[in-house]
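# Fold and geometry: a report
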Amino acid sequence: MGHRIQSALISVFHKEGLEPVVRKLHDLGIKLYSTGGTQSYIEQLGFPCTTVETITGYPSILNGRVKTLHPNVFGGILARRDKEADVAEAIEYSIPLIDLVIVDLYPFEETLKKTNDESEIIEKIDIGGVSLIRAAAKNYKDVCVIASRNQYSDLLKLLEKHKGNTELKERKAFAASAFSECAHYDVAIAQYFTRTGKTKQFQLSHASKRPLRYGENPHQQAAFYGNIDELFKKLNGKKLSYNNLVDIDAACQTIAEFSEPAFAVIKHTNVCGLAVRENVTEAWDAALAGDPESAFGGVLITNQPINIEVANKINSLFFEILIAPSFDKDATTLLKSKKNRILLIQKQAFYPKKEYKRILNGVLVQTPNTQNFVAWNEAGARNCTPEEKADLLFANIACKHLKSNAIAIVKNKQLLGKGCGQTSRIDALRQAIDKAKQSGFSLEGASMASDAFFPFDDCVRMANEVGISSVIQPGGSVRDMDSVSYCKTHNMAMVMTELRHFKH
């Protein structure tokens, strides 16, 4: 039902965009109550405003920590207009009814980003604001609540449209947003206090929502929660899709492994091209050569600036996304010739602190896989050469970023072939060998990585038969000695890392 706003309580931290709202409330003859800085702001605009102290009979105390926490304030918000007893008590105790509450919260998250000073952080934990918002939202049948500066314009449109009246469905929608604001705020505070401790609850909240065209498939609805603009600056291209974001995440985690000039090609979260070279152009050539077919429609990423030389080469390929720390001006002009190509400047390296996955009726949480090995145990016929060691380290990283079961074959810090997502390790190796041969590579003297142990000696046997001379794997099988013995009798180097890299 329609409800006429006759009084409003305004107490906000952010004043931007508030002036037209205050002006409209004044023009509609709505009585304004306020506190501290907001009251001064309203009065400076030239509008009359009644201080909350006239309602409470108490001044703001404890350096502003307590201003509105009083029965006369909360009674005016929580009083149910359709309950005679509530209205009678309000009259008995001279409690003015409040129909509109405009309150935002202290900038707790923004303060966390700016300082480690705990005293300053603690002072940005809002008490009165959250209480006012919750009270108004609870009594949405009678009270309209605005809990964010992002809603000032929505309120203004409503005031202009209904001339100071609000509908129940509108008040309920604002109440839902208010409770969401409070929930997000409380999660941020809880995470601050539990960052070094343990908690029984799973708590995660992102303030911003970006609707996506669809999900993994066109018939699925989807949205992204988070501020992707903190990580990237978009130079060109269509809107990012669900699958784009999934692949971008995989790409960023892959490239973060390297400090030397590197290029990676990602397809369906798997690394299908990867190389390290002396410059970005050579790195691109080597990465693309590893699997030129799979690169079609892929996500490309490098840790080097994109210059016109490499841009000319990349430009001939159809790809979805190119990510780099920067783009030269002429390279940008060339690559923007295709309007749908997504070009992203990566502002900072991405290292997830936690990983989450919905499973059954709950959520799995784990720390990210940031390690590559915990041991370097030479278990083969000989110690690996310096060149083999460099390739084994590289292959181990490549394998880490493939879906299990996974095998990566590498030579001269270039991914030659990979097998991923296979239900047996020997099938992953067959796939990797076939891919390498399809691209015309010789595997003589190549190195091989496995994401998990070899249950039998069939993988090292097959590897040896095609010329692979060194292997890296975590070890841990009850039949490790089968593979070790084969390597020892066939002059193969084998390194056991004691660290598995399953990825599902």
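Turning to the overall build of the protein chain, a few remarks are in order. Along the backbone of the protein chain there are 19 helices and 23 strands. A compact globule built from 504 residues should have a C-alpha radius of gyration of about 23 Å, whereas the protein chain, at 31 Å, is more than 25% larger. Dimensions of the protein chain, computed from C-alpha atoms along their principal axes, come out at roughly 95 × 50 × 45 Å. In the protein chain, buried positions account for 48% of the 504 residues. Counting only contacts in the protein chain whose residues sit at least 6 apart along the sequence, the fraction spanning at least 24 positions is 57%. Approximately 25300 Å² of the protein chain is accessible, and the part contributed by carbon and sulfur atoms is 51%. Each charge class in the protein chain was averaged separately, 62 positive and 57 negative side chains, and the resulting centres sit 4 Å apart.

What follows covers the sheet that holds strand β6 (residues 144–146). Pairing is parallel across the open sheet formed by five strands, whose spatial order is β4-β3-β2-β5-β6. The sheet is open, and its two edges are formed by β4 (50–51) and β6, each paired on a single side. Of the strand pairs in this sheet, strand β3 (residues 31–34) and β4 are connected by two bridges, and their pairing is parallel. Residue pairing for β4: S34 is matched across the bridge by T51. With respect to the sheet, helix α2 (residues 36–44) is in contact with β2 (7–11), β3 and β4, its orientation differing from that of β3 by roughly 140 degrees.

Taken together, the six strands give an open sheet; going across it, the order is β18-β23-β22-β21-β19-β20, and neighbouring strands pair in mixed fashion. Edge positions in the open sheet fall to β18 (377–378) and β20 (415–419), since each of these has one partner strand only. Examined bridge by bridge, strand β19 (residues 407–410) and strand β21 (residues 447–450) share four bridges and lie antiparallel to one another. Residue pairing across strands places I409 opposite M448, the latter belonging to β21. Each of β19, β20 and β21 touches helix α17 (residues 425–438); the most contacted strand, β20, lies at about 145 degrees to it.

Okay, the environment of E293 next. Mapped onto the secondary structure, E293 falls in helix α13 (residues 292–295). Separated by 191 residues in sequence, E293 and I102 have C-alpha atoms that sit 57 Å apart. When near neighbours in sequence (up to four residues on either side) are disregarded, E293 contacts K435 and Q438. Side-chain polar atoms of E293 contact the side chain of Q438, separated by 2.7 Å.

Two side chains bearing opposite charge may form a pair once their charged atoms approach each other closely. Under the criterion given, the structure shown has 17 salt bridges. For D99, the salt bridge is made with R81, and the minimal N-O distance between the two is 3.0 Å. Taken as a pair, D99 in the loop between α5 (84–92) and β5 (100–103) and R81 in the loop between α4 (71–78) and α5 lie far apart in primary sequence, 18 residues in all. Residue D99 is classed as buried on the basis of its relative accessible area of 6%. Among the ionic pairs, K413 bridges to E260, the shortest N-O distance being 3.2 Å. Placement of K413 in the loop between β19 and β20 and of E260 in the loop between α11 (242–255) and β11 (262–267) is noted, with a sequence separation of 153 residues between them. On the basis of relative accessible area, K413 is assigned to the partly exposed category, the value being 25%. Look at the salt bridges and you will find they share partners, linking D291, K418 and K435 into a network.

This part takes up the packing of aromatic side chains. The relative placement of two aromatic rings is captured by the distance of their centres and the angle of their planes. Throughout the structure, instances matching the rule amount to eight aromatic pairs. Here F108 and Y185 contribute two aromatic rings whose centre-to-centre distance is 6.3 Å and whose plane-to-plane angle is 65 degrees, an arrangement assigned as edge-to-face. On the criterion of sequence distance, the pair formed by F108 in helix α6 (residues 108–114) and Y185 in helix α10 (residues 168–193) is long-range, its members being 77 residues apart. An aromatic cluster of at least three residues, connected via ring pairs, comprises F108, Y185, Y192 and F193.

With that out of the way, let us pick up the side chain of S148. With respect to the helices and strands, the residue S148 is situated in the loop between β6 and α9 (152–162). For S148, the side chain forms a polar contact with the main-chain nitrogen of N150, separated by 3.1 Å. Setting aside its immediate chain neighbours within four residues, S148 contacts V103, D104 and E181.

Between helix α8 (residues 128–138) and α10, whose axes approach to 9 Å, the crossing angle comes to 150 degrees. Considered as vectors, α8 and α10 are oriented roughly antiparallel to each other. Crossing handedness for the pair α8 and α10: left-handed. Residues V130, I133, R134, A137 and K138 of α8 touch α10, and the partners they reach there are A175, A178, F179, C182 and Y185. Residue composition of the contact of α8 with α10, grouped by class: eight nonpolar, no polar and two charged.

Definitions and limits used
Residues numbered from 1 in each chain as written. Predicted model: local features only at pLDDT ≥ 70, side-chain atom pairs only at ≥ 80, totals over all residues. Heavy atoms only, no water. Helix = DSSP H or I, 4+ residues; strand = E, 2+ residues; numbered from the N terminus. Rg over C-alpha atoms; globule rule 2.2 N^0.38 Å. Buried < 20%, exposed > 50% of the residue type's maximum accessible area, 1.4 Å probe, protein only. Contact = heavy atoms within 4.5 Å. Areas by Shrake-Rupley, 256 points an atom, 1.4 Å probe, with all protein chains shown as cover. Lys, Arg positive; Asp, Glu negative; His and termini not counted. Charge placed at Lys NZ, Arg CZ, Asp CG, Glu CD. Pairing = 2+ DSSP bridges. Axes fitted to C-alpha atoms, helices over the stretch in contact; angles between N-to-C directions. Polar contact = N/O pair within 3.5 Å; in protein donor to acceptor, adjacent residues only side chain to side chain. Salt bridge = Lys/Arg side-chain N within 4 Å of Asp/Glu carboxyl O. Phe/Tyr/Trp six-rings, centres within 6.5 Å; stacked < 30°, edge-to-face > 60°. Parallel < 35°, antiparallel > 145°, perpendicular 65-115°, else oblique. Left-handed = near helix turned anticlockwise from the far one by under 90°. Nonpolar A, V, L, I, M, F, W, Y, C, P; charged D, E, K, R; others polar.

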